[in-house]
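# What the coordinates show
Listed here are the chains, written in short residue letters.
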Amino acid sequence: MWRWVRQQLGFDPPHQSDTRTIYIANRFPQNGLYTPQKFIDNRIISSKYTVWNFVPKNLFEQFRRVANFYFLIIFLVQLMIDTPTSPITSGLPLFFVITVTAIKQGYEDWLRHNSDNEVNGAPVYVVRSGGLVKTRSKNIRVGDIVRIAKDEIFPADLVLLSSDRLDGSCHVTTASLDGETNLKTHVAVPETAVLQTVASLDTLVAVIECQQPEADLYRFMGRMIITQQMEEIVRPLGPESLLLRGARLKNTKEIFGVAIYTGMETKMALNYKSKSQKRSAVEKSMNTFLIIYLIILISEAIISTILKYTWQAEEKWDEPWYNQKTEHQRNSSKILRFISDFLAFLVLYNFIIPISLYVTVEMQKFLGSFFIGWDLDLYHEESDQKAQVNTSDLNEELGQVEYVFTDKTGTLTENEMQFRECSINGIKYQEINGRLVSEGPTPDSSDGNLSYLNSLSHLNNLSHLTTSSSFRTSPENETELIKEHDLFFKAVSLCHTVQISNVQTDGIGDGPWQSNLAPSQLEYYASSPDEKALVEAAARIGIVFIGNSEETMEVKTLGKLERYKLLHILEFDSDRRRMSVIVQAPSGEKFLFAKGAESSILPNCVGGEIEKTRIHVDEFALKGLRTLCMAYKQLTSKEYEEIDRRLFEARTALQQREEKLADVFQFIEKNLILLGATAVEDRLQDRVRETIEGLRMAGIKVWVLTGDKHETAVSVSLSCGHFHRTMNILELINQKSDSQCAEQLRQLARRIKEDHVIQHGLVVDGTSLSLALREHEKLFMEVCRNCSAVLCCRMAPLQKAKVIRLIKISPEKPITLAVGDGANDVSMIQEAHVGIGIMGKEGRQAARNSDYAIARFKFLSKLLFVHGHFYYIRIATLVQYFFYKNVCFITPQFLYQFYCLFSQQTLYDSVYLTLYNICFTSLPILIYSLLEQHIDPHVLQSKPTLYRDISKNRQLSIKTFLYWTILGFSHAFIFFFGSYFLIGKDISLLGNGQLLKPNHQMMFGNWTFGTLVFTVMVITVTVKMALETHFWTWINHLVTWGSIIFYFVFSLFYGGILWPFLGSQNMYFVFIQLLSSGSAWFAIILMVVTCLLLDIVKKVFERQLHPTNTEKAQMEEDKGSVSSAYEFAESKHRGEDSRHLLAEACSQQDSSCVH
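A quick note: this is a predicted structure, and the numbers were derived from the prediction, not measured. Note on numbering: residues in each chain are counted from 1, in written sequence order. Local features in a predicted model are, by the rule used here, given only for residues with pLDDT of at least 70; side-chain atom pairs are given and counted only at 80 or more, and totals for whole chains, interfaces and linings are based on all residues. Neither water nor hydrogens contribute to the side-chain values; these are computed over all heavy atoms in the structure.

## As for the overall build of the protein
Each helix is a run of DSSP H or I of at least 4 residues and each strand a run of E of at least 2, with the numbering of both proceeding from the N terminus. Looking only at helices and strands, one finds 40 helices and 36 strands in the protein. Once local pairs closer than 6 in sequence are excluded, the contacts in the protein between residues at least 24 apart make up 74%. Under the convention used here, a 1.4 Å probe and the Shrake-Rupley method define accessible areas, while residue burial counts only the protein chains that appear. For the protein, the exposed area adds up to about 53,600 Å²; of that, 57% sits on carbon and sulfur atoms. Throughout, a residue-residue contact means that at least one pair of heavy atoms, one from each residue, lies within 4.5 Å.

Given below as structure tokens:
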């Protein structure tokens, strides 16, 4: 029970050791000395609340907001002391905001509960007591043996025990985890692979020792100790044995696996970690304005309290005849009375802080985010993908971006690799129409001297070989050439992790080569598009990879099937930047084939055409091609035995396994013989150049952060327009020491200062960047800020995030945006102010961890220039308008205290106080913030320079804020003093005879005066919103004029009927009496016109004398629409004239025919 309570409260005790011991099928030792470890159950909990903690937890989270907490304090003050307004005036709006937010969050959590229940209640089959038992997913325990059938999802993290195949292998897809759709192979240890039935598994006695749960999907270390015939056999366990929860079994009938991580300790659940909360610049400005208005509120309360006591210093005002003090009041402490009066004034003026601002902003962001998903211009038809919004809190931040950091592969490019060229033994070849053509003689020469390799079958016919110098060799060398090409493409066909579906390989691996089965019919699955392109290229040349069968790799060369025994795979990792396989050829020889970046392969080579290949690799890179080098080594029996022993020891180590494996891999992958290099093309996406140029015109600096080599990255930057041909390219590469890096940075800074006119581009590699960020951040940032474009190559994922953080914390505090498509881009996407995920071919991990997801890089322009522009203008106006209308609301209340001896008498009725922000003025600004388009979207997209008008949070600057605030105060003064002098003082203006009494103030009293001020205010602030609106729809008309009509209708009903449930009704018949006076109507119209006229005149003069680029575009758009309307009318008029002339001609023709 106590453990359950601790789990519910989130206080699970930490694991006591670094490893866990799991007894398969929960067969614990019988000696009685063993104490089983405690593991959590298999329930997944993605919900935030429970029935028991929803109310306290949700209230705690909501009252962490300053405005909500402030209004709670005000409400409590109203309850505790005698205040001029009812507690309802503060409590009802607060209750409304809290309730709406709680309902929204509760509904979202209810959906999460339903999803959890569906997952936790899914049926599964578990091996217990020698048979299969059907149970629910949540009942799986650590140590249970689970049976999974084809196409089912793994319910927990399992170690594979056996499958329906003799080798114990199975295929899975991890699309729901990392988005990769390729088939991945997992294998069981040999001792358990043969246990393919429930009965045989029931005899298994084994223990698994493994690491405690961690979030890394690709890291797992453990070992299995199997007891057979009183003898213990130890087998290493790695990622290839681990089946992750959320992955799906494919192309395998069934498997058995033992649960090792369950519930919230599975790797999928550990990756649920919530991202750090991002706050937009608008939200920060809003909080600043709230603090300023809080200072204004406190100042008004202090001034009113001081003036009250100054006024009451005179005895006649301290205790007037109509307001005698009680004995308790006379004897009370002056300090307590001062505090009480201060709090009372605080309550009276508290509506200057707009509590409904928060709920309106939340609704605007939530509802407004749907427009991105609905935009057909952001829909990619080929992949059937529309834009996704994962975080609606940052909509307006799309209009404030100053730096864009983008990945290259899959983001700027298509990530569709096509084999183009290769270098074999120092000779370059191109693939043209499925043939390898060597560079040399002209391609239009006759067949007799054409330099090509149509396929390896042509190598057997030497008449097809060229007589050029590169091939003019002796027969022995020609045979050697054939062997080199054969070995090169064998390496390409064997050194990879490509998979083929079982259905496709059936019948292919056995029997003679079927000529009617073209290599193009084979569909390969690969985690890397490069690998797939290379294997497909080898198949076109003539060496076809058929697939894996048990522990062999099958290749068909010229129709002849060859089986290579797969001994070891040395997996790829980002530190080594290479992968290797050790295979045994049909002849019994053992080979190591290695593939990787030239920086990791060439230094480990001792033979082959190293220098020629290096030159070719650089030439490929200059063309923008992605390069990989291929190498091999033949192993003697003694060497292989040493390698096998070292690999076994490293892979079975529970401590520092990764370091030991890295050392062993380094030991194995040396003294290689270079075979050659491959070059594949990753072509640019559509409209990348135009998008980058548009970003530059909008004043946005674009940085490309890529893991590719220097030459390839520069070539792609030039081709996509990131670098211009006229740009001065500065380089900070291959720096070896801090001092060398600092000197190079100083030289670059001097060159930039000397060349004032030329645009500069900077290229920096990962190694040099590490040195620059270690000791010379300021100098590096100075160079970067003066460059129009920056390219960072050979970047590690964490380096990308560090660069973005460096820009974020620079003195200018610019808004950053990161865009990428792969798992290696997640860190920079989460680090930037706004993260954009490209839904590309490297999976969905970037899209899932991003704030927004789009299908193509080109959509970025509309996302920023149109949606970002609109969202920012809308919410900036919303925030300013809210503060403006609340200043208009409360300032007359403050001014009224000068006329009532600071007695804390309220000017407005409590119902009006409550409904002003909730009903009377809320809808026009909400609809404006959702639908406003101050300029046509096509104009915004075609003129990226308009983006500069809203950059650096210009619409929420202190200058703009002061303008709206002063406008609010000036309108409030007009409301108050206009009503006072037009109606309150001058009796002749009161045209209603009922008001012509000796003491008209008795009829034109407090509530009539307050209602007049309130009426003028509601009309003025609503019409002010109408003046701000450029894009009118029927919805805008409905809510704008409907709000004014609703106010009048409500006031007539509220004041025209004696409501039995109201204790006192001060407003009875007041509104009707007020509107029955013609002079009151005259005063209302005069004050509204006076308030808005000043604002209109100011705007007209500004637009004519100092128009912004946006205002110029608006005027051009207006002129264009007028001229197009005129042209339409003219054409219509001309059309009518033409029809008349045609009718007259026809009638004349008919009459002539009659005659």
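## Here we look at the sheet that holds strand β1 (residues 19–23)
In space, the four strands of this open sheet follow the order β1-β8-β9-β10, with antiparallel pairing throughout. Single-partner strands in this sheet number two, and they are β1 and β10 (231–237). With direction set aside, neighbouring strand axes in the sheet form an average angle of 20°. Paired strands, in this sense, are two strands between which DSSP finds at least two bridges. As defined by bridge partners, strand β8 (residues 206–211) adjoins strand β9 (residues 222–228) across five bridges and the pair is classed as antiparallel. Within the sheet, the bridge partner assigned to I208 lies in β9 and is M224. Its contacts with the sheet put helix α21 (residues 637–652) on β9 and β10, and the angle it makes with β10 is roughly 85°. To get an axis, fit a line to the C-alpha atoms, keeping to the stretch in contact for a helix; angles then go from 0 to 180 degrees between the N-to-C directions.

## Describing the UniProt feature "transmembrane region" (unreviewed entry) in the protein
Those places that UniProt annotates as "transmembrane region" (unreviewed entry) correspond, in this numbering, to residues 66–81, 288–311, 342–361, 863–884, 961–983, 1003–1027, 1039–1062 and 1068–1094. End-to-end, the C-alpha atoms of residues 66–81 are 22 Å apart, and along that stretch the chain is 94% helix and 0% strand. Taken as a whole, residues 288–311 contains 100% helix and 0% strand, while its terminal C-alpha atoms sit 35 Å from one another. UniProt positions are given in the numbering used here, feature names are shortened, and annotations may be inferred rather than shown by experiment.

## Some remarks on the packing of helix α33 (residues 923–931) against helix α37 (residues 1034–1056)
As a packed pair, α33 and α37 sit with axes 8 Å apart at the nearest point and diverge in direction by 165°. Relative to α37, the element α33 lies roughly antiparallel. Every pair of crossing elements has a handedness; the one defined by α33 and α37 is left-handed. Residues L923, P924, I927, Y928 and L931 of α33 form the contact with α37, whose own contacting residues are I1035, N1036, V1039, T1040 and S1043. Across the contact of α33 with α37, the residue classes tally to seven nonpolar, three polar and no charged. Orientation categories follow fixed angle ranges, with anything under 35 degrees roughly parallel, anything over 145 roughly antiparallel, 65 to 115 roughly perpendicular, and all other angles oblique. Two helices that cross are described as forming a left-handed crossing if the nearer one is turned anticlockwise from the farther one by less than a right angle, and a right-handed crossing if clockwise. In the scheme used here, Gly and all other residues not listed as nonpolar or charged are polar, with Ala, Val, Leu, Ile, Met, Phe, Trp, Tyr, Cys and Pro taken as nonpolar and Asp, Glu, Lys and Arg as charged.

## Some details on the packing of aromatic side chains
Working definition: rings of Phe, Tyr and Trp (its six-membered ring) pair if their centres are within 6.5 Å, and the pair is stacked with planes under 30 degrees apart, edge-to-face with planes over 60 apart, and tilted otherwise. Within this structure, the stated rule accounts for 55 aromatic pairs. On the basis of an interplanar angle of 50° and a centroid distance of 5.9 Å, the ring pair of Y912 and Y1047 is categorised as tilted. Of this pair, Y912 sits in helix α32 (residues 910–920) while Y1047 sits in helix α37, and the two are 135 residues apart along the sequence. A ring is scored as having a charge over it whenever the NZ atom of a lysine or the CZ atom of an arginine sits within 6 Å of its centre and within 35 degrees of its normal. If you follow K590 out to its NZ or CZ, it ends over the ring of Y640, 5.3 Å from the centre.

## What to know about the sheet that holds strand β3 (residues 131–136)
Strand order in this open sheet of six strands is β3-β2-β4-β13-β5-β11, and the pairing throughout is antiparallel. The open sheet has two edge strands with one neighbour each: β3 and β11 (242–243). Where strand β4 (residues 145–149) meets strand β13 (residues 254–261), five bridges bridge the pair, whose relative direction is antiparallel. Looking at β13, one finds that V146 is bridged to G257.

## Considerations on the pattern of salt bridges
The term salt bridge refers to a pairing of a side-chain nitrogen on Lys or Arg with a carboxyl oxygen on Asp or Glu at a separation within 4 Å. Within this structure, the stated rule accounts for 39 salt bridges. Linking D41 and R43 is a salt bridge whose minimum nitrogen-to-oxygen distance equals 3.1 Å. Among the ionic pairs, K365 bridges to E396, the shortest N-O distance being 3.2 Å. Of this pair, K365 sits in helix α13 (residues 356–368) while E396 sits in the loop between β14 (388–389) and β15 (403–406), placing them 31 residues apart in sequence. Each residue gets one of three labels from its accessible area relative to the maximum for its type: buried under 20%, exposed over 50%, partly exposed in between, using a 1.4 Å probe on protein chains only. Given the relative accessible area of 7%, K365 is considered buried. On the accessibility criterion, E396 (1% relative accessible area) is buried.

## Digging into the pairing of strand β6 (residues 169–173)
With five of five residues buried, β6 is to be regarded as a mostly interior element. One ladder, built from four bridges, connects β6 with strand β7 (residues 184–187); its direction is antiparallel. Within the sheet, the bridge partner assigned to S169 lies in β7 and is V187. Pairing geometry for β6 and strand β12 (residues 248–250), over three bridges, is antiparallel. Each bridged residue has a counterpart across the sheet, and for H171 the counterpart in β12 is K250.

## Describing helix α20 (residues 610–622)
Over its 13 residues, α20 extends 18 Å from the first C-alpha to the last, a length consistent with the 18 Å expected when each residue adds 1.5 Å. Buried residues of α20: I610, T613, H616, V617, F620 and A621, and no others. One face of α20 carries all of its buried residues, which in axial projection span an arc of 140°. Turned more than 90 degrees away from the buried face of α20 sit E611 and L622, all of them exposed. Helix span, as expected, comes to 1.5 Å for every residue beyond the first. Within this analysis, the arc is defined by the directions that extend from the helix axis to the C-beta atoms.

## Focus: the side chain of T613
Relative to the helices and strands, T613 is located in helix α20. For T613, the residues in contact, after removing those within four places along its chain, are S423, G426, L674, G676 and A677.

## Digging into unusual backbone geometry
Backbone geometry places N26, a non-glycine residue, at a positive phi of 55°. Tracing the backbone shows N26 in the loop between β1 and α2 (54–62).

## Some details on the nonpolar core
Judged by nonpolar contacts, the single largest core of 96 residues is most densely connected at V879, F889, Y908, F1014 and M1017. Those residues in contact with F889, other than ones at most four positions away along the chain, are F351, Y908, Y912, L913, Y916, F1014 and M1017. Residues belong to a common nonpolar core when they are buried Ala, Val, Leu, Ile, Met, Phe, Trp, Tyr or Cys residues joined through side-chain atoms within 4.5 Å.

## Looking at the pairing of strand β32 (residues 760–765)
Among the six residues that make up β32, six are buried, leaving the element largely enclosed by the rest of the structure. Here β32 shows two buried faces, one formed by H760, L762 and V764 and the other by G761, V763 and D765. Where strand β31 (residues 728–732) and β32 come together, five bridges link them in parallel fashion. Of the residues in β32, the one forming a bridge with L730 is L762. Note: β32 against strand β33 (residues 789–793), five bridges, orientation parallel. Residue pairing across strands places V763 opposite L791, the latter belonging to β33.

## With respect to the side chain of T1040
Mapped onto the elements of the fold, T1040 is located in helix α37. Overall, T1040 belongs to the buried group, its relative accessible area being 5%. Here N1036 takes part through its backbone oxygen, which lies 2.7 Å from a polar atom of the side chain of T1040. Filtering out sequence-adjacent residues up to four positions away, T1040 remains in contact with P924, T1022, A1026 and W1032. As used in this structure description, the phrase polar contact means that two N or O atoms lie within 3.5 Å; if the pair is within protein, one of them must be able to donate a hydrogen and the other to accept it, and residues adjacent in sequence are counted only when both atoms belong to side chains.

## Observations regarding the confidence of the model for the protein
When the pLDDT values of the protein are averaged, the result is 79; 81% of them are 70 or greater. Taken together, the stretch residues 7–15 has pLDDT below 50 and engages in twelve contacts with residues farther than four places along the chain or on a different chain. Scored below 50 in pLDDT, residues 441–476 shows 56 contacts in the model against residues more than four places distant or in partner chains. Each residue carries a pLDDT score, the predictor's confidence in it, ranging from 0 to 100.

## What to know about a negative patch on the surface
For patch building, the residue pool is restricted to those with more than 30% relative accessible area and no salt bridge; the joining distance is 9 Å between like charges and 5 Å between nonpolar side chains (Val, Leu, Ile, Met, Phe, Trp, Tyr). For the purpose of charge, His is not counted, nor are the chain termini; Lys and Arg are scored as positive and Asp and Glu as negative. In this description, the location of a charge corresponds to atom NZ of lysine, CZ of arginine, CG of aspartate or CD of glutamate. On the surface, E381, E382, D384, D686 and E690 cluster together to form a negatively charged patch. Counting through the fold element by element, D686 comes out in the loop between β29 (672–684) and α23 (688–697). Look at D686 and you get partly exposed, because its relative accessible area is 46%.

## What to know about the packing of helix α3 (residues 66–80) against helix α4 (residues 87–120)
At a minimum axis distance of 9 Å, the contact between α3 and α4 shows a crossing angle of 145°. Of the two possible hands of crossing, α3 and α4 adopt the one that is left-handed. Where α3 approaches α4, its residues N68, F71, L72, I74, F75, Q78 and L79 are matched on the opposing element by P87, T89, S90, G91, L94, V97 and I98. For the contact of α3 with α4, the class distribution of residues is nine nonpolar, five polar and no charged.

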